[in-house]
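Reading the structure
If you want the building blocks of each chain, they are given just below.
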Amino acid sequence: MLDMKWIRDNPAAFDAALARRAAAPRSKEILELDASHRGVITELQSLQSRRNEASKQIGQVKSKGGDASALMTEVATIKDRMAALEAKEQIVGQYLLDVLMTVPNVLDAAVPEGKDETANVEVRTWGAPRSFNYPVKDHADLGQGLGLLDFDQAAVVSGARFSYLKGALARLERALAQFMLDTHTTEHGFTEVNPPLLVKAEALQGSGQLPKFVDDLYVTTAGHWLIPTSEVSLVNMVAQKILNKAELPIRLTAFTPCFRSEAGAAGKDTKGIIRQHQFEKVELVTICTPETSAAEHERIVKCAEVILQRLELPYRVVALCAGDVGFTMARTFDLEVWLPGQSAYREISSCSNGHEFQARRMNARYRAEGETKGTHFVHTLNGSGLAVGRTLVAVMENYQEADGSIRVPKVLLPYMGGVDLIRRV
RNA sequence: GGAGGGGUGGCCGAGUGGCUUAAGGCGCUGGUUUGCUAAACCAGUGUACUGGGAAACCGGUACCGAGGGUUCGAAUCCCUCCCCCUCCGCCA
């Protein structure tokens, strides 16, 4: 959510920010709502002030045995007017809030212009795609060929976009997650968290998934929502809090399943496990001050890159352009891993700086030691470190052999109990 | 799921309709006193919105778990919900 005061003082800059995302100007509409809202508040507060004063006088008059009926009549009429104003305040206030909740974050000045992913800018590449002297297979064919990946029975049990992963492939995925967590906790200073997978709607509103992306989410009959990413659970660890500046930055990591309905993705990535309703991800989240957030953003990208480098998977870093940065975020770098099965780089991590957008929605603030008045909103950042299912895909396709077996990356050997080659049994 | 007990400021804790501008204490900040430290004493010490002001600041309103209600007036009475604690039941 954006600062209403900022919109009020900088309507032209606000509309220009929307224009970068190819969105229509909204300052006029919002400013009118805001002015009307504040007008009602001012009137209401002056009535309340008079009512409080009169009520106090009634108490004093009555305690001396006097007649307070004139004052009581006055308060009665004030109350009538207040009731109408309270109703209006609630309606206008809620409507203004609803509107503000659907306004996207202001993009960082460093974000390149452009209206869709074709305008994204390649920042750097690492590693070179391996050349094969035999026809390469994609991960779905490899997995099914090994007898360790089953979509057919998953369709019987759960429907489309689910899979069974078995034996050494299941273990390989677990090894990847372990390796990522170990690296981030012991070398990168992130604290491991095992967070809730079911959250309240308020949490999703805080991190920005609601109300806009309601169709992408699953909700239980009990009213809990399944997290589409542990970013939701992790970022909300500071919701409603006033933190000490000294405890920032807070760096958190979690390995969790993620659940997405993938509404609107019909026909996209239907083969394999690239896009499923349920997948696993190691997430990185940083809570920090505005002064350090740009550096923390670079840091998260680097932490994610380390994983790909140690797995010896070729990748590139892409700066998302204005039209491709998500609703909640001010700036995003994607990591795209080389997939021989598709002869293409595919997203495996998205590292974003949300500035204070989520913090405002969550009311997450900090204060410096000894600072006596006022608070500041924290900055929130998140990145995949990495999407575990897609990393499994990348390992399978990049480490495949001519006979359809898969070598285990060196760095995973300690996690694989001596298995260095996965082959059909 | 059942029974009982709770939720008050940064923390502890008083508060059964107006004497509360939430007592008192702790903590914190500043000051006085003072070889130094400590102690003592004095003062200050929440968040948000809103009006005025260039600002420093000065007013107002709301907030005692959340939301409704009763009342001229609610931390206090009523209703609904949430969370915590103890015990019981069930359960990985």
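What you are looking at is a predicted structure, and each value in this text was computed from that prediction instead of being measured. (Residues numbered from 1 in each chain as written. Chains lettered and ligands numbered in written order. Predicted model: local features only at pLDDT ≥ 70, side-chain atom pairs only at ≥ 80, totals over all residues. Heavy atoms only, no water.)

Relative to each other, helix 2 (residues 11-20) and helix 3 (residues 27-63) sit at 135 degrees, their axes nearing to 10 Å. By the angle between their directions, the pair helix 2 and helix 3 is classed as oblique. Where helix 2 approaches helix 3, its residues Pro11, Phe14 and Asp15 are matched on the opposing element by Ser27, Ile30 and Leu31. Counted by class, the contact of helix 2 with helix 3 contains four nonpolar, one polar and one charged residues. (Axes fitted to C-alpha atoms, helices over the stretch in contact; angles between N-to-C directions. Helix = DSSP H or I, 4+ residues; strand = E, 2+ residues; numbered from the N terminus. Parallel < 35°, antiparallel > 145°, perpendicular 65-115°, else oblique. Contact = heavy atoms within 4.5 Å. Nonpolar A, V, L, I, M, F, W, Y, C, P; charged D, E, K, R; others polar.)

Taken domain by domain, chain A consists of domain 1 (4-101) and domain 2 (117-422). Distance between the C-alpha centres of domain 1 and domain 2: 43 Å. (Domains from an automatic or database assignment.)

Around RNA strand B, the structure places 23 residues, and the nearest of them are Gln45, Gln48, Ser55, Arg367 and Thr375. Atoms of RNA strand B within 4 Å of the protein: sugar and phosphate make up 76%, bases the balance. Between RNA strand B and the protein, one listed contact pairs a base nitrogen with a backbone N or O atom of Ser55 at 2.7 Å. Separating a phosphate oxygen of RNA strand B from a side-chain N or O atom of Lys79 is a distance of 3.4 Å. Looking at the surface near RNA strand B, the elements that each hand over two or more residues are helix 1 (4-9), helix 3, helix 4 (69-101) and strand 13 (365-367). No other element matches the 12 residues that helix 3 contributes to the surface near RNA strand B. Of the residues in the surface near RNA strand B, the class split is four nonpolar, 10 polar and nine charged. (Near = heavy atom within 4 Å. Polar contact = N/O pair within 3.5 Å; in protein donor to acceptor, adjacent residues only side chain to side chain.)

Turning our attention to the packing of helix 7 (residues 167-186) against helix 12 (residues 388-398). A pair of packed helices can be characterised by two numbers: the angle between their axes and the separation between those axes. Two elements in contact, helix 7 and helix 12, have axes separated by 10 Å at closest approach and are oriented at 115 degrees. In the packing of helix 7 onto helix 12, the handedness of the crossing is right-handed. Between helix 7 and helix 12, the residues in contact are Leu169, Leu172, Glu173, Leu176, Ala177 and Met180 and Val388, Gly389, Thr391, Leu392, Val395 and Met396, respectively. Per-class residue counts for the contact of helix 7 with helix 12 are nine nonpolar, two polar and one charged. (Left-handed = near helix turned anticlockwise from the far one by under 90°.)

Structurally, the position occupied by Asp334 is in strand 11 (residues 331-339). No salt bridge is formed by the buried Asp334. Its closest oppositely charged neighbour is Arg390, at 8.0 Å. Asp334 has contacts with Arg316, Val317, Val318, Leu320, Glu347, Ser349 and Ser350, leaving out every residue within four places of it along the chain. (Buried < 20%, exposed > 50% of the residue type's maximum accessible area, 1.4 Å probe, protein only. Lys, Arg positive; Asp, Glu negative; His and termini not counted. Salt bridge = Lys/Arg side-chain N within 4 Å of Asp/Glu carboxyl O.)

Turning our eyes to something else, we now look at unusual backbone geometry. With an omega dihedral of 5 degrees, the bond running from Leu210 to Pro211 counts as a cis peptide bond. Along the polypeptide, Pro211 turns up in the loop between helix 8 (201-207) and strand 6 (225-226). Omega for the bond connecting Gly385 with Leu386 falls within 30 degrees of zero, at 10 degrees, which places this linkage in the cis form. In this fold, Leu386 is placed in strand 15 (residues 379-387). Phi angles above zero are rare outside glycine, and Arg161 is one such case at about 65 degrees. Examined against the element boundaries, Arg161 turns out to sit in the loop between helix 6 (152-157) and strand 3 (164-165). If you check the backbone angles, Glu312 has positive phi at about 55 degrees while not being a glycine. With respect to the helices and strands, Glu312 occurs in the loop between helix 10 (293-310) and strand 10 (315-319).

Read across the sheet, eight strands follow the order 1-10-11-12-15-9-8-4 without closing on themselves; strand pairing throughout is mixed. Looking at which strands have only one partner, the edges of the open sheet turn out to be strand 1 (121-126) and strand 4 (191-192). Pairing of strand 4 with strand 8 (residues 250-259) involves two bridges; the strand directions are parallel. Bridging from a neighbouring strand, Thr191 pairs with Leu252 of strand 8. This element, helix 12, spans strand 8, strand 9 (278-288), strand 11, strand 12 (344-353) and strand 15 of the sheet and lies at about 35 degrees to strand 15. (Pairing = 2+ DSSP bridges.)

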